[in-house]
Amino acid sequence: MTPIFDAALQSPPLFAREFHEQGFLIVPNALSAAQVSVFNRAVTDDLENHGGEWVRFDESFLETPDVISRTADFDFAIENPVTLAILRSLIGELITFEEFEILIRNPTGKAQDLKAWHRDATRDYNRRMEIEYVSVVYYLTDVSETDHCLSIVPGSHYRRVDLRPADVASGEEVDVLGSAGTAVIFHGRCIHAGKLKAGSRQRRTLHIYYARADQPRYSEWTAIPPRLYQKADPALPPLLYSKWNASVVFEGVGKKPRNLPPSMSIAEMIREVQRRANAR
Ligand SMILES: O=C(O)CCC(=O)C(=O)O
């Protein structure tokens, strides 16, 4: 069963159990149509005005990992009371913000995504139990059966944690479909992929990662600006932006290589990391 979250029907213990069993929750209407349209305009503006800060992995896939340093337009997505209430009950009051990125997936003839099936944070299968964070993906465009979608293998964070990404069999996954404004909350240990579909329209998504304040920072790709870490809002979890200057960083895909000049932009660093990975 696909775990669709309906705030009117589900109490925290019920959705926490769903999340524990499946590793993900789908939240329809997490953003209103007006919010979706504001975010889409902000994405278009950023692409037009800061195209150099976007990383183009191939003709169909581009992302920007540091947009919140340039604009406050996306702050609401991080602090959205609808998703934050669920996250607070899953993670607890030590919840911290880790990373924010925008992805665009364009129509393509490619059948297989660059990233394929993976767990987040580390590609080292033996370290999979160290992956303890939760992601929220917001769809900013409608995603139907014929559109590129996020696809997740249920239970691969816990019940099926020994499954290797390379061993995922066709049919074991759930394709997340939904209208613009849908949010998917999933455990970073769950095996997932961006599934490409022939004939897809452009898909736009916001990806936000959350963990706990007593863990190392999982990702350094998004700088947390003073506007956020100096905020005093009693409605927000008290340590939400506490990792703005974290010095202990998880050894994984979110750690900046220490042998790159600090003057490099985040986009340049990611291009260099990608270049080195391809060379290997
Ligand atoms: O494009 C997608 O939906 C998948 C993204 C993904 O694999 C990731 O954020 O790690």
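A few points on the structure.

Criteria and cut-off values
Residues numbered from 1 in each chain as written. Predicted model: local features only at pLDDT ≥ 70, side-chain atom pairs only at ≥ 80, totals over all residues. Heavy atoms only, no water. 1 Å grid on protein atoms, 1.4 Å probe; cavity = no way out; pocket = protein on both sides within 12 Å on 5 of 7 lines; lining within 4 Å. Points joined across faces, edges and corners; volume = space filled by probe spheres on them. Helix = DSSP H or I, 4+ residues; strand = E, 2+ residues; numbered from the N terminus. Nonpolar A, V, L, I, M, F, W, Y, C, P; charged D, E, K, R; others polar. Buried < 20%, exposed > 50% of the residue type's maximum accessible area, 1.4 Å probe, protein only. Pairing = 2+ DSSP bridges. Expected span 1.5 Å × (residues − 1). Contact = heavy atoms within 4.5 Å. Near = heavy atom within 4 Å. Polar contact = N/O pair within 3.5 Å; in protein donor to acceptor, adjacent residues only side chain to side chain. Areas by Shrake-Rupley, 256 points an atom, 1.4 Å probe, with all protein chains shown as cover. Sits in = over half its atoms within 2 Å of the grid points. Axes fitted to C-alpha atoms, helices over the stretch in contact; angles between N-to-C directions. Core = buried A, V, L, I, M, F, W, Y, C linked by side-chain atoms within 4.5 Å.

### Considerations on empty space enclosed by the protein
Empty space among the atoms can be located by rolling a probe the size of a water molecule over them.
So, point 1. Evaluation of the coordinates by the stated rule reveals one cavity of 30 Å³ or more.
So, point 2. Here the largest cavity is characterised by a volume of approximately 180 Å³.
So, point 3. Lining the largest cavity are 17 residues, and of these Leu103, Lys115, Leu150, His192 and His207 sit closest to its centre.
So, point 4. For the lining of the largest cavity, the elements supplying multiple residues, two or more each, are β4 (95-105), β5 (134-139), β9 (192-195) and β10 (203-212).
So, point 5. Of the residues in the lining of the largest cavity, the class split is six nonpolar, five polar and six charged.

### Some details on the pairing of strand β8 (residues 183-187)
So, point 1. Summarising burial for β8: five of the five residues are buried, a large majority.
So, point 2. Side chains Ala183, Ile185 and His187 of β8 all project onto a buried face; the interleaved residues Val184 and Phe186 project onto the opposite face, where all are buried too.
So, point 3. As defined by bridge partners, strand β1 (residues 24-27) adjoins β8 across four bridges and the pair is classed as antiparallel. Counterpart to Ile26 in the pairing with β8 is Val184.
So, point 4. Where β5 and β8 come together, five bridges link them in antiparallel fashion. Pairing of Val136 across the sheet is with Ile185, part of β8.

### A short note on helix α6 (residues 266-279)
So, point 1. Its 14 residues place the ends of α6 20 Å apart at the C-alpha level, agreeing with the 20 Å of an ideal helix rising 1.5 Å per residue.
So, point 2. Every buried residue of α6 is listed here: Ile266, Ala267, Met269, Ile270 and Glu272.
So, point 3. Contacts from the buried residues of α6 go to β2 (55-58) and β3 (61-64).

### Side note on the site of the ligand
So, point 1. The environment of the ligand is made up of Leu103, Arg105, Lys115, His118, Asp120, Leu150, His192, Ala193, Gly194, Arg203, His207 and Tyr209.
So, point 2. Within the side chain of Arg105, an N or O atom sits 2.6 Å from an oxygen atom of the ligand.
So, point 3. The side chain of His207 places a nitrogen or oxygen atom 3.5 Å from an oxygen atom of the ligand.
So, point 4. Protein chains shield 99% of the accessible area of the ligand, which is 290 Å² for the free molecule.
So, point 5. Taking a 2 Å distance to the grid points as the criterion, the majority of the atoms of the ligand fall inside the largest cavity.
So, point 6. Where the shell around the ligand is concerned, the elements lending two or more residues are β4, β9 and β10.

### Overview of the sheet that holds strand β7 (residues 174-176)
So, point 1. Strands sit in the order β7-β6-β9 across an open sheet of three strands; the sheet is antiparallel. Edge positions in the open sheet fall to β7 and β9, since each of these has one partner strand only. Each neighbouring strand pair of the sheet contributes to a mean axis angle of 30°, computed without reference to strand direction.
So, point 2. Across four bridges, strand β6 (residues 149-152) lies against β9 in antiparallel orientation. Among the inter-strand pairings, Leu150 is bridged to a residue of β9, identified as Gly194.

### Brief notes about the side chain of His157
So, point 1. You can see His157 is positioned in the loop between β6 and β7.
So, point 2. When residues no more than four places from it in sequence are discounted, the contact partners of His157 are Phe19, His20, Glu21, Gln22, Gly23, His187, Arg189 and Cys190.

### Considering the nonpolar core
So, point 1. Formed by 40 residues in total, the largest nonpolar core has its most connected members in Phe100 and Tyr210.
So, point 2. Examining the composition of this core, we find that five residues originate from one element, β4, more than from any other.
So, point 3. Excluding residues within four positions of it along the chain, Phe100 makes contact with Thr64, Pro65, Asp66, Val67, Ile68, Phe74, Ala77, Ile78, Leu206, His207, Ile208 and Thr222.
So, point 4. Formed by 13 residues, the second largest nonpolar core is a distinct cluster that contains Ile26, Leu150, Ile152 and Cys190.

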